[in-house]
Amino acid sequence: FGELALLYNCKRAASVVASRACILWELDRETFKAICYEAAQKAPPEYEGFSAPAGSEAAPAVSFSEAAPAVAVAAADEEAKADDSDASDDDAPDESAPVKKPVRPPGRRTGVSAEASKGDADDWVPPVYEKTPEERASLSNIIKSSRDSKIHMLFGTVTQDTFEKILDAMFIKKIAKGENVIQQGDEGDYFYIVKKGDFDIFVKKGDDPPKKVFQCGPGFAFGEMALLYTCPRSATITAHDDSEVWSLDRTAFRNLVVRSSEAQFKESCKFLNSCDIFATLTQDQICSLAEVLEEEEFDDDEAIVEQGEKDDKMFILRTGQAVACIAGEKGEIEVKQYSKGEYFGEIALLSGQPRKASVYAVGKAVCFYITRPTFKRILGPLQSFLEGNMDKYAKYQDAMKEAAGEQLDEENHDGHEDEDVHSAAKTEKKQKVVRKREKKQEEIKVEKKVVSEAGSEAPPETLADKVAQDFKNPALVTPSDDHVVSDAHMMMFGGVVPGQKFTMDKHIHCRSGFEKQQKGEEDYYTWTGTTKLKQPTDIAVLCQKGQKSASDPTPNQDNFFIHHVGAITMYGVCDGHGPFGHLVSFRLVQTLPFYLTKSEHFGKNWEEALKEAFQKAQEDLEEFCKLHTINIEASGAAGSVLVLEEQTVHIAFIGDARVMLGSWNRRDSRMIFCTKDHKPELPEEKARLEAEGSEVREVDEGSWRIYLKGSNFPGLTMSRAFGDTACAGISRVPEYHKFLMQPNDQWYAIVASDGIWEFIEGEDCCNMTSKKLRLKGTRETVEFITSASRKRWAHVCGDYCDDITAVLIQWNAPTPLEGGNNHCLTVRQFQPPSS
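Here goes a summary of the coordinates provided. Keep in mind that what you see is a predicted model, and the values were worked out from it rather than measured.

### Examining the overall build of the chain
Secondary structure summary: the chain contains 22 helices and 34 strands in total. Buried positions account for 51% of the 835 residues belonging to the chain. At a minimum sequence separation of 6, the contacts of the chain that also span at least 24 residues come to 75%. Total accessible area on the chain stands at roughly 39,800 Å², and carbon and sulfur atoms take up 49% of it.

Pasting the structure below:
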């Protein structure tokens, strides 16, 4: 609806009111006229009670003196992804009203690619411009690492061969300061990527003077709209200083970029038509499926799905091979082999149950996958067929038991003999091969570090007595009513409870107006918050007790907070250390967000607001500990805070509780930023500490500590921390960073304690989690990185393991939330041990 006012340049003829929560696609006036005008003019819509304005014809097509919006290209990119989120069983139309079945016009996406398809010769040969190896590598890196989402949309799906041809076809053009590289209203001739320099973008509307709307620098692209839509330039772009751009001419752009996309779409349709499972689908359904399928690559022996995991995806093997295995007492037993065109994962998709088996790639493999909402909308006819196969894993379990009964293990078998499968499994077309799988051992390469904590060497019985005494004082272990954030819609932080053992979850305090829901062992909350992001925000938290010694009496010294206030969400992690680190971190997760929201700079100057909150939290901590006789000379906490205001990310931190910011987009998986620990050996930190009278010593190779001058106390490891009052020069001034996220950017952040970062660097963490996040979601990913960290602790330190906390935030998550909500927070509550 809404086309009449655009077609006839008249006022709206009716009001349209949402009768329930809705999701709408919007098309602005200029794009409507540029793309839909001709078809609408030939067959103007007729509605009861509406007639075209007297003497008027359909409005003329848009004059491109007005700028076409920059989001038009992104809208085309998002079309396929949106198919995952716009349908559910509850959205069926009212059957009492007559509904005309929409008819898809012949051809697909001709508005974007028609000229390329019709006008360019099939014998076209791509140009090759000579480049040095350094120039070629630089161009490739610009395209792959650019923060401009248009580049990833245009080039992210092309094959490697086509990508190399694009590199060949681009050439450098030098632009002098003040020179226009693009003039609004001109015909499009080139696509550009900025190599060096900055450009100002101006848009002129009507008789108004041109207005500067943006400035772009290295890595940003422009000029694609006129080539995609065959329309005049929509803006003037002027070099701010002497600059260089990589250029791609119109013909090369259409043949290499547009035609490549069309060819891949046809190839996907051809592949789907060759799969037996899709034999009953219409060609229209095949095309719809090809538009929304996601693709992922897997290395040899990499897990595609893992037994016990929870997610909602079904996989189709596009290239390569895979094997399904079920874990048993004697290890994993291989129960099925997959080849090109076969599928797996349908049980989790249909039922939401945990995975019944693990599936591993054999050699390099590429899979398509489909999510539950898309399946329901497009593949509904296949549901009964797939449900008929859901008992096969029970049959595989029988086969595995029989194999185990026959002592199928390394001692009696060489792993190459085929075994007959239990009779219950003989309904399969192929005879099953049941064999024990030899899983490749993960090679853990970590540098051994000094992990003992300063100030924790008190006799266990003395410390245990003190900790026990602390729990008798409610003021120390009960949430403070003085630090409630009254405007918060969601207020969550960790508590302290006695008697926790290794890997136990944190006790959770939550004050929220949102209903708590449960899914298995996890609690989750959903709500709607003001945001400029296009898709939901998915949050998962894991905070678990470590193990410093068999007699360690201290509770989990890590803590976290998550607060949502208006259009602002605040996330924080405090990593306590020393005998009373658990009390320090518990106090901080209440005072930090409180003082942040009370700052006069809140929502205005975030750097000042965060600095003020850190300083006031320290002042409160010292006063509180003095009142309750808590010695924090060698007890304290590192602290990191991440704030999202609409689409801007603000990060402030002290110590070694890091924040990693990354992209989970398949075409653009990379680490954007990771904080660096405040270590005393850093020149600026060391100079400040020594100027204040403290002493910085190297106690082991690469390990530096902070002491009172001429003393062996306290031996602090971080130059910035809360608490730690013994040594002068310990700073509470946070380091601050700011990042602007585009509304469609698929970014994520991990705010975590040193339990994660001790043996995993930020770049490694991003490499380990970005694909996992795409395929498994936040809950499984935070479990995965926690497990990976714990393995590294065991490898280096034996039974010693630090407390581990990780808050994972995924922005623009792919799966829509029920009820129109756009935030989901999942956490696991502490379960007291059964007596």
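Don't stop here, the text continues.
### Examining the packing of helix α6 (residues 133-145) against helix α8 (residues 160-169)
The geometry of α6 relative to α8 is characterised by a closest axis approach of 10 Å and an angle of 120 degrees between their N-to-C directions. Here α6 lies oblique to α8, going by the angle between them. Crossing of α6 over α8 shows right-handed handedness. Together, R136, L139, S140, I143 and K144 of α6 and F163, E164, L167 and D168 of α8 make up the contact between the two elements. Class assignment for the residues of the contact of α6 with α8 results in four nonpolar, one polar and four charged.

### With respect to the pairing of strand β26 (residues 670-674)
Of all five residues that make up β26, four are buried, and the element is covered over most of its length. Pairing geometry for strand β25 (residues 659-663) and β26, over four bridges, is antiparallel. Paired with M660 across the bridge in β26 is C674. The hairpin turn running from β25 into β26, its antiparallel successor, is six residues long.

### Describing the sheet that holds strand β1 (residues 171-175)
An order of β1-β8-β3-β6 is seen for the four strands of this open sheet, with the pairing classed as antiparallel. Edge positions in the sheet fall to β1 and β6 (221-222), since each has one partner strand and no second. Note: β1 against strand β8 (residues 243-249), five bridges, orientation antiparallel. Opposite K174, over in β8, you have E244 as the bridge partner.

### A short note on the nonpolar core
In terms of nonpolar packing, the biggest core is built from 42 residues, with M570, L592, L596, I630, V643 and F722 touching the most fellow members. The residues touching L592, leaving out its near neighbours within four places in the chain, are F561, C574, A613, F614, A617, V641 and F722.

### As for the packing of helix α18 (residues 581-598) against helix α19 (residues 606-627)
At a closest axis distance of 8 Å, the pairing of α18 and α19 adopts a crossing angle of 140 degrees. Judged on the interaxial angle alone, α19 and α18 are oblique. The chirality of how α18 crosses α19 is right-handed. Across the interface between the two elements, V584, R587, L588, T591, L592, Y595 and L596 of α18 pack against W606, A609, L610, A613, F614, K616, A617, D620, L621 and F624 of α19. Residues of the contact of α18 with α19, tallied by class, amount to 13 nonpolar, one polar and three charged.

### Re the packing of aromatic side chains
Any two aromatic rings considered together are summarised by their centre-to-centre distance and by the angle between their planes. Applying the stated rule across the entire model yields 20 aromatic pairs. With a centroid separation of 6.3 Å and 55 degrees between ring planes, the pair formed by F493 and F586 is classed as tilted. Of the two residues, F493 is situated in strand β16 (residues 490-494) and F586 in helix α18; the sequence distance between them amounts to 93 residues. F493 gets classed as buried once you look at its relative accessible area, which sits at 2%. Exposure remark for F586: the relative accessible area of 2% places this residue in the buried category. What links up through ring pairs into an aromatic cluster is the set Y129, F171, Y190, Y192, F199 and F222. Its end group placed over the ring of F624, R587 keeps NZ or CZ at 4.0 Å from the ring centre. K771 extends its terminal NZ or CZ atom over the ring of F298, reaching a point 4.7 Å from the ring centre.

### Overview of the environment of A687
Locating A687 in the fold gives a position in helix α20 (residues 683-691). Relative accessible area serves as the criterion here: at 45%, A687 is assigned to the partly exposed category. Each C-alpha atom, one on A687 and one on G729, is 9.3 Å from the other, the two residues being 42 residues apart in sequence.

### Observations regarding the environment of K611
Relative to the assigned elements, K611 resides in helix α19. Residues K611 and Y736, 125 residues apart in the sequence, show an inter-C-alpha distance of 8.6 Å. Setting aside residues up to four positions removed in sequence, K611 forms contacts with V733 and P734.

### Description of unusual backbone geometry
A cis amide bond, omega 0 degrees, links F713 with the succeeding residue P714. In this model, D724 sits at a positive phi of 50 degrees, which is unusual for a non-glycine residue. Along the chain, the position of D724 falls in the loop between β30 (722-723) and β31 (735-740). Relative accessible area serves as the criterion here: at 1%, D724 is assigned to the buried category.

### Concerning the pattern of salt bridges
On inspection of all chains with the given rule, the structure shows 40 salt bridges. What emerges from the salt-bridge pattern is a single network uniting E267, E295, E296, E297, R318, R666 and R774.

### Some remarks on the side chain of Q829
When you line up the elements, Q829 lands in the segment after β34 (823-828). At 2.7 Å, the side chain of Q829 and the backbone nitrogen of I508 are in polar contact. Ignoring anything within four residues of it in the chain, the contact list for Q829 reads D505, K506, H507, I508 and D523.

### Here's the deal with α19
In an α-helix there are 3.6 residues to a turn, and that puts residues three or four apart on one side. Taking 1.5 Å of rise per residue, 22 residues should cover 32 Å, and α19 covers 31 Å from first to last C-alpha, within 8% of that figure. Backbone geometry just downstream of α19 places T629 in the positive-phi region, at approximately 55 degrees.

### Considerations on the sheet that holds strand β4 (residues 199-203)
Pairing in this open sheet of four strands is antiparallel, and the strands run β2-β7-β4-β5 from one edge to the other. Where the open sheet ends on each side, the last strands, each with one partner, are β2 (180-182) and β5 (211-216). Across the sheet, the mean angle separating the axes of adjacent strands is 30 degrees when strand polarity is ignored. Here four bridges tie β4 to strand β7 (residues 236-239), and the two strands are oriented antiparallel to one another. Paired with F202 across the bridge in β7 is T236.

Cut-offs applied
- Residues numbered from 1 in each chain as written.
- Predicted model: local features only at pLDDT ≥ 70, side-chain atom pairs only at ≥ 80, totals over all residues.
- Heavy atoms only, no water.
- Helix = DSSP H or I, 4+ residues; strand = E, 2+ residues; numbered from the N terminus.
- Buried < 20%, exposed > 50% of the residue type's maximum accessible area, 1.4 Å probe, protein only.
- Contact = heavy atoms within 4.5 Å.
- Areas by Shrake-Rupley, 256 points an atom, 1.4 Å probe, with all protein chains shown as cover.
- Axes fitted to C-alpha atoms, helices over the stretch in contact; angles between N-to-C directions.
- Parallel < 35°, antiparallel > 145°, perpendicular 65-115°, else oblique.
- Left-handed = near helix turned anticlockwise from the far one by under 90°.
- Nonpolar A, V, L, I, M, F, W, Y, C, P; charged D, E, K, R; others polar.
- Pairing = 2+ DSSP bridges.
- Core = buried A, V, L, I, M, F, W, Y, C linked by side-chain atoms within 4.5 Å.
- Phe/Tyr/Trp six-rings, centres within 6.5 Å; stacked < 30°, edge-to-face > 60°.
- Lys NZ or Arg CZ within 6 Å of the ring centre and 35° of its normal.
- Salt bridge = Lys/Arg side-chain N within 4 Å of Asp/Glu carboxyl O.
- Polar contact = N/O pair within 3.5 Å; in protein donor to acceptor, adjacent residues only side chain to side chain.
- Expected span 1.5 Å × (residues − 1).

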